[in-house]
Amino acid sequence: MVITKSKLVLSATVVTLSTIVITSLGIHSIGKASFKDSHKDLVDEVWQIINYRYVDGTFNQLDWQAVRQEYLNKSYTDEKEAYKSIREMLKKLEDPYTRFMNPEEFKNLQVDTSGELTGIGITISQDEKTKQLLVIAPIEDTPAFKAGILAKDIILEINGKNTKGMDTNDAVSLIRGKAGTRVKLTILRNGQKKQFDIQRARIEIHPVRYSEKKTPAGNIGYIRLNQFSANASKEMKDAIQNLEAKKVSGYILDLRSNPGGLLYASIEIAQMWMNKGTIVFTIDRQGTQDKQVANGSALTNKPLVVLVDKGSASASEILSGALQDNKRAILVGNQTFGKGLVQSVQPLKSGSGLAVTIAKYHTPSGKDINKHGIDPDVKVELTDAQRQDLWLRERDKLGTLADPQFAKAVELLGKQTTQNTSTIRKN
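Residues numbered from 1 in each chain as written. Predicted model: local features only at pLDDT ≥ 70, side-chain atom pairs only at ≥ 80, totals over all residues. Heavy atoms only, no water.

Asks: How would you sum up the side chain of N102? Please name residues and give values.
Replies: Within the secondary structure, N102 is located in the loop between strand 2 (99-101) and helix 4 (103-112). By relative accessible area, which is 16% here, N102 ends up buried. For N102, the side chain forms a polar contact with the main-chain nitrogen of E104, separated by 3.1 Å. Dropping the residues within four chain positions of it, N102 is found in contact with Y83, R87 and S352. (Helix = DSSP H or I, 4+ residues; strand = E, 2+ residues; numbered from the N terminus. Buried < 20%, exposed > 50% of the residue type's maximum accessible area, 1.4 Å probe, protein only. Polar contact = N/O pair within 3.5 Å; in protein donor to acceptor, adjacent residues only side chain to side chain. Contact = heavy atoms within 4.5 Å.)

Pasting the structure below:
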């Protein structure tokens, strides 16, 4: 399997993730019957894509041929009935990341690729066991973020409607809306229910923020990456080059609450930090492995510490896993989210779209992090209350010595800088 910019996506099922690549897999004619009923034709189109590309050739121990017959034997009077059947069909795979989008939902997804969106700013998934809606992470500085929504929050209700077993697309439709309107969420956190009344807004997303920090370890570069969107690589390159010009002694890369995004962005950014070594293995349904490696184009070789937490998912785990396994960086913080699957987004003839899981990935050392995540080298736990205080009520402390995870990163950078200086003197 060849990784290209147009094919692979690493992101959780989304409400407002800003960027996803749309591609045609060119398989509309493979073994496909010709139906006069356009609604039945759409159902079969979706079935064919799953049959051809889904990562699990057993379809989660499902007789996929029988599923086709079941849904093609039905009669569809309108597109809504076809959409409902498609979603029922996909649910049988028990994969929350493989999902159907009607034309409006697909259009919203395409609008999101501009880096500007309307919503509250969270990414969500459906828990495979409980079927509850789970917050992957709020996007920084969005209405959901400012309201206090946290990673791993369970969404019990949207505007009073129970979400148990709700399709993520239906949840998207309920949460989205015009800027200035409001949505009410009932959240379950640590066994307690919390109510949130959030005003939707138009959100412009810049994935990278950076600054020079004066610390006991010297002047260091602090780079916060919010998500792996189409412009993340360029903004990361600019950040590193500008900080290199300031002669910083080391770097802290903050991936906390970064829900992921594009696979190619994670690879390109890893190459900015690594001169050599494997970045990631992707594995398709035939077991074919594709290896992505560093290409000698690193922009710096200075000491690096990466901050991660339970909201660091997907492409964040690709990058942090590559840097950890190659001993290029020390990881500090909490265990990451644990999403080791890759999706491709397919436009359909009806104007709707399909996100389908087509591969899984392993870190360079061969670890499958799906449902487990990556364990940091140095664990610095923050309670939900501490995280909420730091990220919301006392934002001025984020990325300072009053931020416990940042402070530990500075301490580790100081030790690395001292060791490097000693080595240079000995030589």
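From this point on, the discussion continues.
Asks: Before we move on, could you go through unusual backbone geometry and cite the residues and values that matter?
Replies: Notably, K152 is not glycine yet its phi reads approximately 80 degrees, a positive angle. Structurally, K152 is set in the loop between helix 5 (143-147) and strand 6 (154-158). Positive phi, close to 55 degrees, is recorded for K327, a residue that is not glycine.

Asks: Tell me what's going on with the pairing of strand 6, and back it up with residues and numbers.
Replies: Among the 5 residues of strand 6, 4 are classified as buried, and the element is accordingly described as predominantly covered. Bridge count for strand 5 (residues 133-138) against strand 6 is 2 bridges, and the pairing is antiparallel. What sits directly across from L134, in strand 6, is I154. Bridge count between strand 6 and strand 8 (residues 182-189): 4 bridges; the pairing is antiparallel. (Pairing = 2+ DSSP bridges.)

Asks: Quick one: what's the story with the environment of Q286, residue by residue and with numbers?
Replies: Among the structural elements, Q286 can be located in the loop between strand 15 (278-283) and strand 16 (289-293). The class for Q286 is exposed, based on a relative accessible area of 60%. The spacing of Q286 and G57 is 229 residues in sequence and 7.8 Å in space, taken between C-alpha atoms.

Asks: Let's hear about the packing of aromatic side chains: which residues, and what values?
Replies: Enumeration over the complete set of coordinates arrives at 6 aromatic pairs. Considering the side-chain rings of F59 and W64, the 5.5 Å spacing of their centres and the 15 degrees angle between planes classify their relative orientation as stacked. With relative accessibility at 2%, the residue W64 sits in the buried group. The interplanar angle of 45 degrees and the centroid separation of 5.1 Å between the aromatic rings of Y83 and F100 together place this pair among those described as tilted. Here Y83 is found in helix 3 (residues 79-91), whereas its partner F100 is found in strand 2, with 17 residues between them in sequence. (Phe/Tyr/Trp six-rings, centres within 6.5 Å; stacked < 30°, edge-to-face > 60°.)

Asks: Lay out the packing of helix 1 (residues 38-53) against helix 3 in plain terms, naming residues and giving numbers.
Replies: The geometry of helix 1 relative to helix 3 is characterised by a closest axis approach of 9 Å and an angle of 20 degrees between their N-to-C directions. With respect to helix 3, the element helix 1 is oriented roughly parallel. Here helix 1 runs over helix 3; the crossing is right-handed. Between helix 1, through H39, L42, V43, V46, W47 and I50, and helix 3, the contact on the second element is made entirely by E79, A82, Y83, I86, M89 and L90. (Axes fitted to C-alpha atoms, helices over the stretch in contact; angles between N-to-C directions. Parallel < 35°, antiparallel > 145°, perpendicular 65-115°, else oblique. Left-handed = near helix turned anticlockwise from the far one by under 90°.)

Asks: Talk me through the nonpolar core; I want residue IDs and the actual numbers.
Replies: Where a protein is soluble and globular, its nonpolar side chains tend to be buried together. In terms of nonpolar packing, the biggest core is built from 66 residues, with I223, M236, L253 and W273 touching the most fellow members. Residues within four places of M236 in sequence aside, it is in contact with V208, I223, L225, L253, I269, M272 and W273. By size, the runner-up hydrophobic cluster in this structure holds 17 residues, among which are I124, A144, I158 and A171. (Core = buried A, V, L, I, M, F, W, Y, C linked by side-chain atoms within 4.5 Å.)

Asks: I'd like to hear about the sheet that holds strand 17 (residues 304-308), residue by residue, with values.
Replies: Within the open sheet, the 6 strands sit side by side as 11-12-13-17-18-21. Their pairing is mixed. The open sheet has two free edges, formed respectively by strand 11 (208-215) and strand 21 (378-379), since each of these has just one partner strand.

Asks: Can you break down helix 7 (residues 232-245) residue by residue, with the values?
Replies: Its 14 residues give helix 7 an end-to-end C-alpha distance of 20 Å, which sits within 8% of 20 Å, the value for a rise of 1.5 Å per residue. By the burial criterion, the buried members of helix 7 are A232, S233, E235, M236, A239, I240 and L243. Looking straight down helix 7, one finds that the buried residues subtend no more than 165 degrees of arc, so they occupy a single side. Of the exposed residues in helix 7, the ones pointing more than 90 degrees away from its buried face are K234 and A245. (Expected span 1.5 Å × (residues − 1). Arc of directions from axis to C-beta.)

Asks: Which residues make up the confidence of the model for the protein, and what values go with them?
Replies: A residue-level look at the protein finds 86% of positions with pLDDT of 70 or above and a mean pLDDT of 85. Counting interchain partners and residues more than four positions distant, the pLDDT-below-50 stretch residues 1-7 has 22 contacts. (pLDDT = per-residue confidence, 0-100.)

Asks: If you had to explain the packing of helix 7 against helix 8 (residues 263-273) to someone new, which residues and values would you point to?
Replies: Running from amino to carboxyl end, helix 7 crosses helix 8 at an angle of 15 degrees, the nearest separation of the two axes being 9 Å. By the criterion of interaxial angle, the relationship of helix 7 to helix 8 is roughly parallel. Once helix 7 is placed against helix 8, the crossing between them reads as right-handed. Residues A232, S233, M236, K237 and I240 of helix 7 touch helix 8, and the partners they reach there are A265, E268, I269, M272 and W273. Considering only residue class, the contact of helix 7 with helix 8 consists of 7 nonpolar, 1 polar and 2 charged. (Nonpolar A, V, L, I, M, F, W, Y, C, P; charged D, E, K, R; others polar.)

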